[in-house]
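Letter by letter, the chains look like this.
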Amino acid sequence: MRDERAGTRISCNDLETTMMTAHTVRALTPETYPAWLALAQKHNGVWGGCWCSYFHGDTEATVKQDHDGPTFKLRLVNEGVAHAALVFDGDQAIAWCEYGSPLELPNIYHRKQYDAQETTSAPWRITCFFVDRDHRRSGVAREALDGALELIAQAGGGEVVSFPNELVPGKKTSPSFLHNGTRAMFEKAGFTFERHIGKRKTVMRKMVPAA
């Protein structure tokens, strides 16, 4: 099927999204993990050696402090409790958007404030992005976001909440500060602003219908 608005061709059989840019978006799985790892290694583990594990908690089988970052992430992938949309340029992963359930991704910033004002818990949340330094400022983060939303739709859909940052006009912002993207990008993707948490973070929501 084809989403004319997004300019995207969707193959539901293999959870792969083909973009007009010739990039493809694939789910993080044991098969795509090596490509994810190569991207993370290229950037020294990303975000100061986070290895895209900050927002994850322990599972019954895996305790974070018992493993290095790559091993911890791989164990979660193998357990089926680490989800991300990976943007591929050929065989190379060039970006990701991490998503999952609140149980999978409990460690959000300003969690106490968020929980205190939360009336309904969304079944999905988006917590971080990363883009290869050689592909930044080209719309790849938005491709990753659209890919994550399509994967969520294929998993049954539901409400998605995320916590992008609100930029200060005229002020240069560190890329690490924008690990969850920007309010403007999420608004263009159809998310609705709800409230602020912390100083510059926002709470934004979107209902994603099942594919």
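This report concerns the structure included in the present document. (Residues numbered from 1 in each chain as written. Predicted model: local features only at pLDDT ≥ 70, side-chain atom pairs only at ≥ 80, totals over all residues. Heavy atoms only, no water.)

Sizing a probe to match a water molecule and rolling it over the atoms shows the empty space that remains. A full pass over the atoms with the stated rule returns one cavity of 30 Å³ or more. Computed from the structure, the largest cavity encloses a volume of approximately 40 Å³. For the largest cavity, the full set of lining residues is Phe55, Ile108, Tyr109, Thr127, Phe163, His179, Asn180, Ile197 and Lys201. (1 Å grid on protein atoms, 1.4 Å probe; cavity = no way out; pocket = protein on both sides within 12 Å on 5 of 7 lines; lining within 4 Å. Points joined across faces, edges and corners; volume = space filled by probe spheres on them.)

Take the environment of alanine 35 next. When you line up the elements, alanine 35 lands in helix α1 (residues 33–42). Note on alanine 35: relative accessible area 17%, which makes it buried. Taking the C-alpha atoms as reference points, alanine 35 and alanine 93, 58 residues apart in sequence, are found 5.5 Å from one another. Other than its neighbours up to four places away in sequence, alanine 35 contacts Phe88, Asp91 and Ala93. (Helix = DSSP H or I, 4+ residues; strand = E, 2+ residues; numbered from the N terminus. Buried < 20%, exposed > 50% of the residue type's maximum accessible area, 1.4 Å probe, protein only. Contact = heavy atoms within 4.5 Å.)

The subject of this paragraph is the environment of arginine 111. For arginine 111, the location among the structural elements is in helix α3 (residues 111–117). Distance from arginine 111 to isoleucine 197, taken between C-alpha atoms, is 8.7 Å for residues 86 residues apart in sequence. Of the polar contacts made by the side chain of arginine 111, one reaches the backbone oxygen of proline 106; its length is 3.2 Å. (Polar contact = N/O pair within 3.5 Å; in protein donor to acceptor, adjacent residues only side chain to side chain.)

On to helix α4 (residues 140–154). Helix length check: α4, at 15 residues, gives a terminal C-alpha distance of 21 Å against a target of 21 Å (1.5 Å per residue), a fit within 8%. A large share of α4 lies buried, amounting to eleven of its 15 residues. Burial in α4 covers these residues: Val140, Glu143, Ala144, Leu145, Gly147, Ala148, Leu149, Glu150, Leu151, Ile152 and Ala153. (Expected span 1.5 Å × (residues − 1).)

Summed over all chains, the structure comprises eleven aromatic pairs. Each ring, one from tryptophan 96 and one from phenylalanine 130, has its centre 5.4 Å from the other, and the planes form 35°; the classification is tilted. Separated by 34 residues along the polypeptide, tryptophan 96 in strand β6 (residues 92–100) and phenylalanine 130 in strand β7 (residues 124–131) bring together distant segments of the chain. The structure contains a cluster of three or more aromatic residues connected by ring pairs, namely Tyr33, Trp36, Trp47, Trp96 and Phe130. (Phe/Tyr/Trp six-rings, centres within 6.5 Å; stacked < 30°, edge-to-face > 60°.)

Along α1, the positions that sit buried rather than exposed are Tyr33, Ala35, Trp36, Leu37, Leu39 and Ala40. The inward-facing, buried residues of α1 abut α2 (69–79), β5 (83–89), β6 and β7. Looking at the residues trailing α1, positive phi occurs at asparagine 44, about 55°.

Attention shifts here to unusual backbone geometry. For tryptophan 47, which is not a glycine, the phi torsion comes out positive at approximately 45°. Relative accessible area serves as the criterion here: at 31%, tryptophan 47 is assigned to the partly exposed category. If you check the backbone angles, cysteine 52 has positive phi at about 55° while not being a glycine. Considering the arrangement of structural elements, one finds cysteine 52 in the loop between α1 and α2.

The subject of this paragraph is the nonpolar core. Ile126, Phe129, Leu145, Val160, Phe186 and Phe191 are the most contacted members of the largest nonpolar core, which has 27 residues in total. Counting only elements with at least two residues in this core, the list comes to β4 (24–27), β5, β6, β7, α4, α5 (183–188) and β10 (201–208). Residue contributions to this core peak at eight residues, all from α4. Beyond its immediate chain neighbours, meaning those up to four positions away, phenylalanine 191 contacts Ile126, Leu145, Leu149, Val160, Phe186, Met204, Arg205 and Lys206. (Core = buried A, V, L, I, M, F, W, Y, C linked by side-chain atoms within 4.5 Å.)

Across the interface, α1 lies against α2 with an axial gap of 11 Å and an inter-helix angle of 155°. Accordingly, the angle class assigned to the pair α1 and α2 is roughly antiparallel. Here α1 runs over α2; the crossing is right-handed. Here α1 contributes Tyr33, Trp36 and Leu37 to the contact with α2, which in turn contributes Pro70, Thr71, Lys73, Leu74 and Val77. (Axes fitted to C-alpha atoms, helices over the stretch in contact; angles between N-to-C directions. Parallel < 35°, antiparallel > 145°, perpendicular 65-115°, else oblique. Left-handed = near helix turned anticlockwise from the far one by under 90°.)

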